Amino acid sequence: MNATARERFDHWRELIGRTRASEVASAHADDFRAETRHLELGPVTLLRTSFPSARFWRTERMARRSDAGVHHLTLLLDGDMALSRDTRHPTEAFAPGDLHLLDGSDPFDLRAFASPSSPATSPDRAERRVEAVGVDFPTALLPIPPQRLRTVLGRGFSGREGTSALLADFLVGLDRQAALLGPAEAPRLGAVVVDLIAAWLARELDAETALPDDTRRRALVENVHAFIRRNLHDPELTPASIAAAHHISVSYLHRLFTQHSGGETVAAWIRRRRLERAHRDLADPALRTLPVHAVATRCGIPSPSDFSRAFRTAYGLPPGEHRRLALAGGTDG
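For the protein chain, the count of helices and strands is twelve helices and eleven strands. Here the C-alpha coordinates of the protein chain stretch approximately 65 × 55 × 35 Å along the principal axes. With 333 residues in all, the protein chain has 45% of them scored as buried. For the protein chain, the accessible surface area stands at approximately 16,800 Å², while carbon and sulfur atoms represent 52% of it. Looking at the protein chain, you have 44 positive and 42 negative side-chain charges, and the mean spots of the two groups are 2 Å apart.

A few words now on the sheet that holds strand S5 (residues 70–78). Read across the sheet, six strands follow the order S2-S3-S10-S5-S8-S11 without closing on themselves; strand pairing throughout is antiparallel. Every other strand in the sheet has two partners, leaving strand S2 (35–41) and strand S11 (157–158) as the edge strands with one partner each. Contacts between helix H4 (residues 162–176) and the sheet are confined to S2, strand S3 (44–51), S5, strand S8 (98–103), strand S10 (130–138) and S11, with S5 contributing the most and set at about 85° to the helix. Each of S2, S3, S5, S8, S10 and S11 touches helix H5 (residues 186–204); the most contacted strand, S2, lies at about 100° to it.

Here Thr-215 lies in helix H6 (residues 213–230). Those residues in contact with Thr-215 that sit more than four places away from it in its chain are Pro-143, Asp-195 and Ala-198.

The next point concerns the environment of Arg-33. Within the secondary structure, Arg-33 is located in the loop between strand S1 (23–25) and S2. Classification of Arg-33 as partly exposed rests on a relative accessible area of 35%. Sequence separation between Arg-33 and Ser-50 is 17 residues; the distance between their C-alpha atoms is 8.8 Å.

Another point: the nonpolar core. If you look at the biggest cluster of nonpolar residues, it comprises 41 residues, and the most contacted ones within it are Leu-41, Leu-73, Val-135, Phe-137, Val-193, Ile-197 and Leu-201. Secondary structure elements with two or more residues in this core: S2, S3, S5, S8, S10, H4, H5 and H6. It is H5 that provides the largest number of residues to this core, a total of twelve residues. The contact partners of Leu-41, leaving out residues within four places of it in the chain, are Leu-46, Leu-174, Ala-186, Pro-187, Leu-189, Gly-190 and Val-193. Core analysis: the second largest hydrophobic core is formed by 21 residues, Phe-51, Leu-76, Phe-108 and Ala-112 among them.

Tracing the backbone through its elements, the reader meets Arg-20 in the loop between helix H1 (3–17) and S1. Judged by relative accessible area, which is 16%, Arg-20 ranks as buried. Beyond its immediate chain neighbours, meaning those up to four positions away, Arg-20 contacts Arg-58, His-72, Leu-73, Thr-74, Gly-134, Val-135 and Asp-136.

This part covers the sheet that holds strand S7 (residues 92–94). Strand order in the open sheet made by the five strands is S1-S4-S9-S6-S7, with antiparallel pairing throughout. Strand pairing shows two members of the sheet lacking a second neighbour, S1 and S7, which therefore form its edges. Pairwise comparison of adjacent strand axes, ignoring direction, gives a mean angle of 15° for this sheet. Sheet topology note: the strand S4 (residues 54–58)/strand S9 (residues 108–113) ladder contains five bridges and is antiparallel. Note on S9: the bridge partner recorded for Arg-55 is Arg-111.

Turning our eyes to something else, we now look at the packing of aromatic side chains. For the structure shown, the criterion picks out ten aromatic pairs. Between Phe-257 and Trp-269, the aromatic rings sit 6.2 Å apart at their centres with planes inclined by 80°, giving edge-to-face as the arrangement. Here the residue Phe-257 occupies a position in helix H8 (residues 250–260), and Trp-269 occupies one in helix H9 (residues 266–282), the gap between them amounting to twelve residues. Residues Phe-257 and Trp-269 agree in their burial class; the two are buried. When the ring of Phe-311 is compared with that of Tyr-315, the centres are 4.8 Å apart and the planes differ by 45°; the resulting orientation is tilted. Of this pair, Phe-311 and Tyr-315 are both found in helix H11 (residues 304–315), four residues apart, which corresponds to roughly one turn of the helix. Note on Phe-311: relative accessible area 0%, which makes it buried. Look at Tyr-315 and you get partly exposed, because its relative accessible area is 26%. Among the aromatic residues, ring-to-ring pairing joins Phe-9, Trp-12, Phe-32, Phe-51 and Phe-56 into one connected group. Its end group placed over the ring of Trp-57, Arg-55 keeps NZ or CZ at 4.2 Å from the ring centre.

As enumerated under the stated definition, the model contains 21 salt bridges in all. Taken together, the salt bridges that share partners define one network made up of Arg-37, Arg-48, Glu-131 and Asp-175.

Basis of the calculations
Residues numbered from 1 in each chain as written. Predicted model: local features only at pLDDT ≥ 70, side-chain atom pairs only at ≥ 80, totals over all residues. Heavy atoms only, no water. Helix = DSSP H or I, 4+ residues; strand = E, 2+ residues; numbered from the N terminus. Buried < 20%, exposed > 50% of the residue type's maximum accessible area, 1.4 Å probe, protein only. Areas by Shrake-Rupley, 256 points an atom, 1.4 Å probe, with all protein chains shown as cover. Lys, Arg positive; Asp, Glu negative; His and termini not counted. Charge placed at Lys NZ, Arg CZ, Asp CG, Glu CD. Pairing = 2+ DSSP bridges. Contact = heavy atoms within 4.5 Å. Axes fitted to C-alpha atoms, helices over the stretch in contact; angles between N-to-C directions. Core = buried A, V, L, I, M, F, W, Y, C linked by side-chain atoms within 4.5 Å. Phe/Tyr/Trp six-rings, centres within 6.5 Å; stacked < 30°, edge-to-face > 60°. Lys NZ or Arg CZ within 6 Å of the ring centre and 35° of its normal. Salt bridge = Lys/Arg side-chain N within 4 Å of Asp/Glu carboxyl O.

Structure, rendered in structure tokens:
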């Protein structure tokens, strides 16, 4: 193994070990190429990793020295994983879209395999990757007794529906926006992550009534946000339809937004998200042949005059001019 490759592998292993104490080995260590991004969200750490097939393990001896006050959540995005904990637990297999939780002081043996169906990471290399997002957080932040968590540790859960899908989507979105987050936002977002984890686990444990009111409210707000994003195309998306979909009153929905969205009203939040999506779509070269009014319609604003007026107010220029500048490589400020 040349020095450069060894340094890359050792550096990556060190980054992983900062929050997830374990031994690491890889058949690709002699030509190791990986990507890792840490995002500190107050006491919560978001870890985005992309790496070739590897094995991670923590022995009983290492576990005794590990921090018993931390839990590790992993969302597998691409590849496959097989987790062995001890002789009392069967080996668990994880596929893309699955979530699993580990106690930071438990031994384990995790094998991660790059999927043959993964796209090559560069045109001249036949590399395959394991892609994952991890969250490391203090156990004390969870409003669920640690002993109750033992029944979900090491098990695979689908992150494709319900509260788990909301959690998975939030983690992926948070990673994508990492470069744009300001330091003042980090602790608040870390609290939201823990609330969503708590809501997901409480549902799996049938312990939702045990969650504090604040945790349930914040999880509900994120659920509403996700619902709005999925339905921005619908011109009939209104506070009344949103409240009905979540089995709450319109007045309670407005109170939630006042408390958890910086005072922004539900209608204003919907309008801003629609304009942001239109702003992004108009700058997308793949959509350059789509008429401006069609972009507006797919963002839930069917009236061309309403769209043009709102867009100019928000961004200081007409939508067509923004598209022209963006596709020409210019800026609109």
